[in-house]
Amino acid sequence: MSGQMTGARMVVQALRDQGVDTVFGYPGGAVLPIYDEIFQQNDIRHILVRHEQGAVHMAEGYARSTGKPGVVLVTSGPGATNAVTGLTDALLDSIPLVVLTGQVPTFMIGTDGFQEADTVGITRPCTKHNWLVKDTDKLAETIHQAFHVATQGRPGPVLIDIPKDVQFATGTYVAPKATRTGHYQPKVKGDIDLITELVEWMETAQRPILYTGGGLINSGPGASQLLRELADATGFPVTSTLMGLGAYPASGKNWIGMLGMHGLYEANLAMHGCDLMINLGARFDDRITGRIADFSPRSKKAHVDIDPSSINKVIHVDLGIVGDVGHVLEDLLKVWKSRGRKVNKEGLAKWWAQIDEWKAKKCLTYRNSDQVIKPQYALERLEALTKGRDRYITTEVGQHQMWAAQFLGFDAPNRWMTSGGLGTMGYGLPASIGVQVAHPDALVINVAGEASWLMNMQEMGTAVQFRAPVKQFILNNERLGMVRQWQQLLHGERYSHSWSESLPDFVKLAEAFGCKGAKVDSPKDLDDAIMAMIEYDGPFILDVLVEKHENCFPMIPSGKPHNEMLLGDASTEGAIQAGGAVLV
């Protein structure tokens, strides 16, 4: 479609031509022309949020669970500034978003007009790219370019600031095919010579490890399938970052668990002791590396990443391959097969024997109770009662998030939505709504802590209005759990402002929102409570009262290397204890 139309109509037409079916937003004066156009069409569904931060997190959940960019529409000034946390979250976790913001008319920019903010200046550090469109003739092309930039290369959020007079004015609409995008064409194919060199290393490595990240999921389902083929064919062990869970199945024979600050003992020691580390779509985040000087000190390191700036940014690697991880894996498998599918079988057998010794530590073992619900037990039961269903999990941020990563298993990509890089409390509830909107018939569960959940609790109104049957599984320890744990272990048990006070009655709160709620505090009643939550046809808040002072282990203390971990005292014997943990 082309021709003359108003800027507001261009926005809706451009979204339609980009295949957008859902927009998350909140109206205001500076975007009313666009909202008027939304009112007059039926192709694009608008989800009215209760806060603009919630809109961006919903779009993140939608994007992460579908592989399609999430779209947000908010007004100028506070509408745009409220979106900043979500934009930063999406930037750090490489989530493709297109955020449209209203702006005061062009002739008022710089006058400190009502609800004016320098949106482009404010969001420049937390977007992949942003634009202020002052000419209606350039609006459609800018929107199409924004979708291209958000989804190509390393995905991320982009923002378009649209003054109100540009929305009213008439201009020429440009279709996506006529849009100039050649100036941004990230490299997707890896250097074949470097890939061949990596294959040569794979053929002789005695202690290899595949270190996988969120880039595998962003690359699409084909990349995850290629990872599985590579791991199963070579017999190499696979570990993952928090963001990469599901790229390789948790039930897979080569899976050794998540690594990092709260990763598994065997995964962290394998990373520390390997002689060949193959990083596939991860960015050497500090939650993974621990003390950089002692990170995997005796290994050759290869890094595959579509973002050239990620290579050698944190960890110096011996081989850097720039390209889409899916394309690189495809070529890697072809080269490895053509050279005879060789691996060091003797070395691998010894390596797996060592990993099995580490697994025998049973690092996730905890002291259960028949009197109080342990948070680990709650997640074990949630896993047992929902496994095999069409299930998506979102989380808030804190201890519950780490326990969810440890005790819930993911056998497919795009089923796990969590805030990794920014660690945003308040992410999970709105993200769960975004996932549910995208997958209306699926079981969507947000694993939460009571403190995180309260940060965006207003979005339960959105869930009720749009009949999104999201399940809120709150592990309520009446504490800021991770803060309290750090204060216990690292700050001399000085619990400065880490106890939640004046908590609401979550059952009454659910009723106030017009949905269903329940509370459970006994292990014997937990299964029935979880099943009631699952089977209820609508939004549900389950308040699970758990042990107040349980700590999340394993844990690499801040600034320590991978081979210095704290384990819960139930998973080992005869070691010196410190704060309910043992140093191993």
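Rules and cut-offs
- Residues numbered from 1 in each chain as written.
- Predicted model: local features only at pLDDT ≥ 70, side-chain atom pairs only at ≥ 80, totals over all residues.
- Heavy atoms only, no water.
- Axes fitted to C-alpha atoms, helices over the stretch in contact; angles between N-to-C directions.
- Helix = DSSP H or I, 4+ residues; strand = E, 2+ residues; numbered from the N terminus.
- Parallel < 35°, antiparallel > 145°, perpendicular 65-115°, else oblique.
- Contact = heavy atoms within 4.5 Å.
- Nonpolar A, V, L, I, M, F, W, Y, C, P; charged D, E, K, R; others polar.
- 1 Å grid on protein atoms, 1.4 Å probe; cavity = no way out; pocket = protein on both sides within 12 Å on 5 of 7 lines; lining within 4 Å.
- Points joined across faces, edges and corners; volume = space filled by probe spheres on them.
- UniProt positions renumbered as here; feature names shortened; annotations may be inferred.
- Pairing = 2+ DSSP bridges.
- Left-handed = near helix turned anticlockwise from the far one by under 90°.
- Phe/Tyr/Trp six-rings, centres within 6.5 Å; stacked < 30°, edge-to-face > 60°.
- Buried < 20%, exposed > 50% of the residue type's maximum accessible area, 1.4 Å probe, protein only.
- Lys NZ or Arg CZ within 6 Å of the ring centre and 35° of its normal.
- Polar contact = N/O pair within 3.5 Å; in protein donor to acceptor, adjacent residues only side chain to side chain.
- Salt bridge = Lys/Arg side-chain N within 4 Å of Asp/Glu carboxyl O.
- Domains from an automatic or database assignment.
- Buried area = accessible area lost by both parts, 1.4 Å probe.

1. Observations concerning the packing of helix α3 (residues 52-66) against helix α5 (residues 84-92)
- One way to put it is that α3 packs onto α5 with a least axis distance of 7 Å and a crossing angle of 25 degrees. Between α3 and α5, the crossing angle belongs to the class labelled roughly parallel. Residues Gln53, Val56, His57 and Glu60 of α3 form the contact with α5, whose own contacting residues are Thr85, Gly86, Leu87, Asp89 and Ala90.
- A per-class count over the contact of α3 with α5 returns three nonpolar, four polar and two charged.

2. Some thoughts on empty space enclosed by the protein
- All chains considered together, the criterion is met by one cavity of 30 Å³ or more.
- Reported here for the largest cavity is a volume of approximately 30 Å³.
- Taken together, Val11, Val12, Leu15, Val23, Ile34, Ile38, Ile44 and Leu73 make up the lining of the largest cavity.
- Elements with a contribution of two residues or more to the lining of the largest cavity: α1 (7-17) and α2 (32-39).
- Looking at side-chain class alone, the lining of the largest cavity contains eight nonpolar, no polar and no charged residues.

3. Details of the UniProt feature "domain: Thiamine pyrophosphate enzyme central" (unreviewed entry) in the protein chain
- Taken from the UniProt record, the annotation "domain: Thiamine pyrophosphate enzyme central" (unreviewed entry) applies to residues 195-332.
- In residues 195-332, helix accounts for 36% and strand for 20%; the two terminal C-alpha atoms are 6 Å from one another.

4. Side note on the sheet that holds strand β11 (residues 255-258)
- With respect to topology, six strands assemble into an open sheet ordered β11-β10-β9-β12-β13-β14, the strand pairing being parallel. Two strands close off the open sheet at either side, each with one partner strand: β11 and β14 (319-322). Each neighbouring strand pair of the sheet contributes to a mean axis angle of 15 degrees, computed without reference to strand direction.
- Where strand β13 (residues 300-305) and β14 come together, four bridges link them in parallel fashion. Bridge pairing in β14 places Asp305 opposite Val322.
- The strands that helix α15 (residues 345-359) touches are β9 (208-212) and β11; relative to β11, the one it contacts most, it runs at about 45 degrees.

5. Some details on the packing of helix α12 (residues 265-273) against α15
- Where α12 contacts α15, the two axes come as close as 8 Å, and the packing angle between them is 140 degrees. With respect to α15, the element α12 is oriented oblique. Classified by chirality, the crossing of α15 by α12 is right-handed. Residue-level inspection shows Tyr265, Glu266, Leu269, Ala270 and Gly273 of α12 in contact with α15, the latter providing Trp351, Ile355, Trp358 and Lys359.

6. Describing the packing of aromatic side chains
- Across all of its chains, the model carries eight aromatic pairs by this definition.
- A centroid spacing of 5.9 Å and a plane angle of 90 degrees characterise the contact between Trp351 and Trp358, whose relative ring orientation is edge-to-face.
- With 6.2 Å between their ring centres and 85 degrees between their planes, Tyr366 and Phe407 make a pair best called edge-to-face. Highlighted residues: Tyr366 in the loop between α15 and α16 (375-386) and Phe407 in helix α17 (residues 399-407), separated in sequence by 41 residues. Exposure class is identical for Tyr366 and Phe407. Each is buried.
- Between the NZ or CZ atom of Arg479 and the centre of the ring of Trp499, over which it lies, the distance is 3.7 Å.

7. Focus on the side chain of Asn477
- Assignment of secondary structure puts Asn477 in the loop between β18 (471-476) and α21 (481-490).
- Looking at Asn477, its side chain comes within polar contact range of the main-chain nitrogen of Arg479, at 3.0 Å.
- Not counting residues within four places of it along the chain, the set of residues in contact with Asn477 comprises Gln399, Glu450, Val546, Glu547 and Lys548.

8. Section: the UniProt feature "domain: Thiamine pyrophosphate enzyme TPP-binding" (unreviewed entry) in the protein chain
- The residues that UniProt annotates with the feature "domain: Thiamine pyrophosphate enzyme TPP-binding" (unreviewed entry) are residues 397-544.
- Helix makes up 43% of residues 397-544 and strand 17%, with an end-to-end C-alpha separation of 17 Å.

9. Re the environment of Thr395
- By secondary structure assignment, the location of Thr395 is in strand β15 (residues 391-395).
- The class for Thr395 is buried, based on a relative accessible area of 0%.
- For the pair Thr395 and Gly190, spaced 205 residues apart in sequence, the C-alpha to C-alpha distance is 34 Å.
- Thr395 has contacts with Gln401, Ala404, Trp416, Met417, Thr418, Tyr427, Gly428, Asn446 and Val447, leaving out every residue within four places of it along the chain.
- In terms of polar contacts, Thr395 uses its side chain to reach the side chain of Thr418, at 2.6 Å.

10. Examining the pattern of salt bridges
- If you walk through the whole model with that rule in mind, you get 20 salt bridges.
- Residue Asp307 is joined to Arg154 by a salt bridge in which the shortest nitrogen-to-oxygen separation is 3.0 Å. Here Asp307 is found in the loop between β13 and β14, whereas its partner Arg154 is found in the loop between α7 (139-151) and β7 (157-163), with 153 residues between them in sequence.
- Across the pair Arg287 and Asp286 runs a salt bridge, and its minimum N-O distance is 2.9 Å.
- Judged by relative accessible area, Asp286 falls into the partly exposed class, the value being 46%.
- Salt bridges sharing common partners tie together Glu200, Glu203, Arg339 and Lys342.

11. What about the domain arrangement of the protein chain?
- When cut into domains, the protein chain gives domain 1 (3-178), domain 2 (192-359) and domain 3 (375-545).
- Taking only C-alpha atoms into account, the centre of domain 1 sits 37 Å from that of domain 2.
- Taken together, the seven residues of domain 1 in the interface contact eight residues of domain 2.
- Interface area, domain 1 with domain 2, both sides summed: about 710 Å², of which 48% is carbon and sulfur.
- On the domain 1 side of the interface with domain 2, the three residues burying the most area are Arg64, Asp93 and Arg154, jointly 68% of the side's total.
- Taken together, the residues of the side of domain 1 that touches domain 2 sort by class into two nonpolar, two polar and three charged.

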